Amino acid sequence: MVNSRKLGKLGNVDLREVWQDEAKNFTGWLAEHLELLGEELGLDLDLQGVEVPVGSFKLDILAREPGTNPQVVIENQLEDTDHDHLGKLLTYASGYDSQIVVWIARKFRDEHRDSLDWLNRRTGKDTAFFGVVVELLKIDDSLPAPHFDIVSAPNDWSKSTNSGNKDAVASEKMERYRAFFQPLLDTLREEHKFTRARKAQLQSWYSFSIGVGGFSCGASFANDNRARIDLYIDQGNVSREENKRRFDVLKEQKSSIESELTESLSWERLETKKASRIAAYRDGSIDDSDDILEEVRDWMIDRLLAFKKVFGPRIEELKKTG
C-alpha cells in the first residue's frame, strides 16, 4: 500500500537573508550558540572572546575546550573560502598557540579543503584542523534552521599513527587514567547529555563546561590519594579580584549550597592564584582495585550531576548581575 502522507520539501536559505553582516550578525549569533557547533564537532566549547585582537587583525571567536583545556580558534566567513582567510586562520592559530582550529564557510573550495587535510596529516597529534560548512535549511515555509557540516577533520579526530605520538610512550599509570575516564565520559554523554566529549585522554583529570565561560566542573585524582569533584572559577578575561569576588558571592551561600548537596565542601580561595575552587573529596587512587575504582567513578558521576544542578542557576545569576 502506498503511503499517501504529505511530505514537505527541504530547501536552502541564503545565509545573507538572516545574517546580513558577517561580523555584526553571524559572529555574534555563533558566539551565543557555540553549543550547536560543539555538538557537531563533539566538543564542549566555552566562549573566551569575540573579535579578539591578534596583531593588527581580529580573530572572530576565541573559545576553550575545558576537557583538555586547549584554546580553540574559530574563523568564519559567509562566502566561499579564500586564500586570505586561510592565511588569517594560520596567523590566529599561531598567535594563540591553538590546538583546535575551526574554519567555517558557506562553501569550501577543493584546494582549501585539501590544505586542511594536509595540515591534519602533517601536524602533531595534539593539533586538529576542522573545515565546517554552515547552511540554513527550511521545510516549505518553516523558519530557517542552522546546520553545520564537517568537510575536513583529523582521521578519527585523533592522530594515533603519527611519529612521536604520546600514546606510544604512555606510562602504565596514564593508561589506567584513560581507562578509568572513558566509561565516565561515555555515561555522562550518552545517559545524561552532560558532555560531548568522546575520547578520554592520558591525564588524571577531566573538566566539563557548565554553560558559562570561566566556570567548569572537574573530576580528578588529587596528589594525596583522594578523588575530587570541583567547581573551578577561572575567568581569564577578568581581573584576579573579580574572580575572587565571584567565589566570595558563592561562599556567602555556603549553607544553602551544602544543604542542597547534602555534604560539606572544601572552599578553596587559592590566594596565590587567580583561580578559586569549591570541591568535594573522597578516598580514592588510580592504584585501587577495579571494584573500588568503579565506586569512585559512580561517585564522580553522581557529584558532577549534583554540582551542575546546584551551582548552575547560581552561576547564571552571577552572569546576569556581573
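A.B. asks: Can you tell me about the overall build of the protein chain, naming the residues and giving the values?
C.D. replies: A tally of helices and strands in the protein chain yields 9 helices and 12 strands. On C-alpha atoms alone, the protein chain measures out to a radius of gyration of 22 Å, which is about the 20 Å that the 2.2 N^0.38 rule sets for 322 residues. Along the three orthogonal principal directions, the C-alpha set of the protein chain runs to about 65 × 55 × 50 Å. Evaluated residue by residue, the protein chain yields a buried proportion of 44% over its 322 residues. Nonlocal contacts in the protein chain, meaning residues at least 24 apart in sequence, comprise 62% of its contacts between residues at least 6 apart. In the protein chain, the 46 positive side-chain charges and the 58 negative ones have mean positions that sit 2 Å from each other.

A.B. asks: Tell me what's going on with the environment of Tyr-281, and back it up with residues and numbers.
C.D. replies: The residue Tyr-281 is located in strand β12 (residues 276-283) in this model. Sequence separation between Tyr-281 and Asp-141 is 140 residues; the distance between their C-alpha atoms is 54 Å. At 3.5 Å, the side chain of Tyr-281 and the side chain of Arg-228 are in polar contact. Reaching out from Tyr-281, the side chain makes a polar contact with the side chain of Glu-268 at a distance of 2.7 Å.

A.B. asks: Tell me about the pairing of strand β2 (residues 46-54), residues and numbers included.
C.D. replies: As judged from the 7 bridges shared by β2 and strand β3 (residues 57-64), these two strands associate in the antiparallel manner. Along β3, the bridge assignment pairs Val-54 with Phe-57. Here β2 hands over to β3 after 2 residues, with Gly-55 in that stretch at a positive phi of 65°.

A.B. asks: Quick one: what's the story with the pairing of strand β4 (residues 71-76), residue by residue and with numbers?
C.D. replies: For β4, the tally of buried residues reaches 5 of 6 residues, placing the bulk of the element in the interior. Sheet topology note: the β3/β4 ladder contains 4 bridges and is antiparallel. Looking across to β4, one finds that Arg-64 is bridged to Gln-71. Judged from the 5 bridges that link them, β4 and strand β5 (residues 100-105) form a sheet pairing that is parallel. The partner of Val-72 across the bridge, within β5, is Ile-100. Running through helix α4 (residues 83-95), the crossover from β4 to the neighbouring parallel element β5 is right-handed.

A.B. asks: Run through the packing of helix α6 (residues 172-190) against helix α9 (residues 290-321), naming residues and quoting values.
C.D. replies: As a packed pair, α6 and α9 sit with axes 10 Å apart at the nearest point and diverge in direction by 40°. For the element pair α6 / α9, the angle class is oblique. Read as a crossing pair, α6 and α9 show a hand that is right-handed. For the pair formed by α6 and α9, the contact residues are Ala-179, Phe-180, Phe-181, Pro-183, Leu-184, Thr-187 and Leu-188 on the first element and Leu-293, Val-296, Arg-297, Met-300, Ile-301, Leu-304 and Leu-305 on the second. The class makeup of the residues in the contact of α6 with α9 is 12 nonpolar, 1 polar and 1 charged.

A.B. asks: Residues and numbers for the nonpolar core, please.
C.D. replies: If you look at the biggest cluster of nonpolar residues, it comprises 42 residues, and the most contacted ones within it are Met-300 and Phe-311. Contributing elements (two or more residues each) for this core: α6, β8 (205-209), β9 (215-221), β10 (226-233), α7 (240-251), α8 (254-261), β12 and α9. Here the element with the most residues in this core is α9; it accounts for 12 residues. The contacts of Met-300, once residues within four sequence positions are left out, are Phe-180, Phe-181, Leu-184, Ala-219, Ser-220, Phe-221, Ala-227, Arg-228 and Ile-229. Grouped together as the second largest cluster of nonpolar side chains are 26 residues, Leu-15, Leu-30, Leu-43 and Ile-100 included.

A.B. asks: I'd like a description of unusual backbone geometry, backed by residues and values.
C.D. replies: Located in the positive-phi region is Glu-51, a residue other than glycine, with phi close to 50°. Mapped onto the fold, Glu-51 is located in strand β2. Even without a glycine there, the phi angle at Lys-193 is positive, about 50°. Following the sequence through the fold, Lys-193 ends up in the loop between α6 and β8.

A.B. asks: Now, about the confidence of the model for the protein chain: what can you tell me, with residues and values included?
C.D. replies: Across the protein chain, the average pLDDT comes to 88, with 92% of residues at 70 or higher. Looking at the elements of the protein chain, mean pLDDT is at its lowest for helix α3 (residues 34-41), recorded as 88, and at its highest for α8, recorded as 97.

Definitions and cut-offs
Residues numbered from 1 in each chain as written. Predicted model: local features only at pLDDT ≥ 70, side-chain atom pairs only at ≥ 80, totals over all residues. Heavy atoms only, no water. Helix = DSSP H or I, 4+ residues; strand = E, 2+ residues; numbered from the N terminus. Rg over C-alpha atoms; globule rule 2.2 N^0.38 Å. Buried < 20%, exposed > 50% of the residue type's maximum accessible area, 1.4 Å probe, protein only. Contact = heavy atoms within 4.5 Å. Lys, Arg positive; Asp, Glu negative; His and termini not counted. Charge placed at Lys NZ, Arg CZ, Asp CG, Glu CD. Polar contact = N/O pair within 3.5 Å; in protein donor to acceptor, adjacent residues only side chain to side chain. Pairing = 2+ DSSP bridges. Right-handed = clockwise from strand over helix to strand, strands pointing away. Axes fitted to C-alpha atoms, helices over the stretch in contact; angles between N-to-C directions. Parallel < 35°, antiparallel > 145°, perpendicular 65-115°, else oblique. Left-handed = near helix turned anticlockwise from the far one by under 90°. Nonpolar A, V, L, I, M, F, W, Y, C, P; charged D, E, K, R; others polar. Core = buried A, V, L, I, M, F, W, Y, C linked by side-chain atoms within 4.5 Å. pLDDT = per-residue confidence, 0-100.

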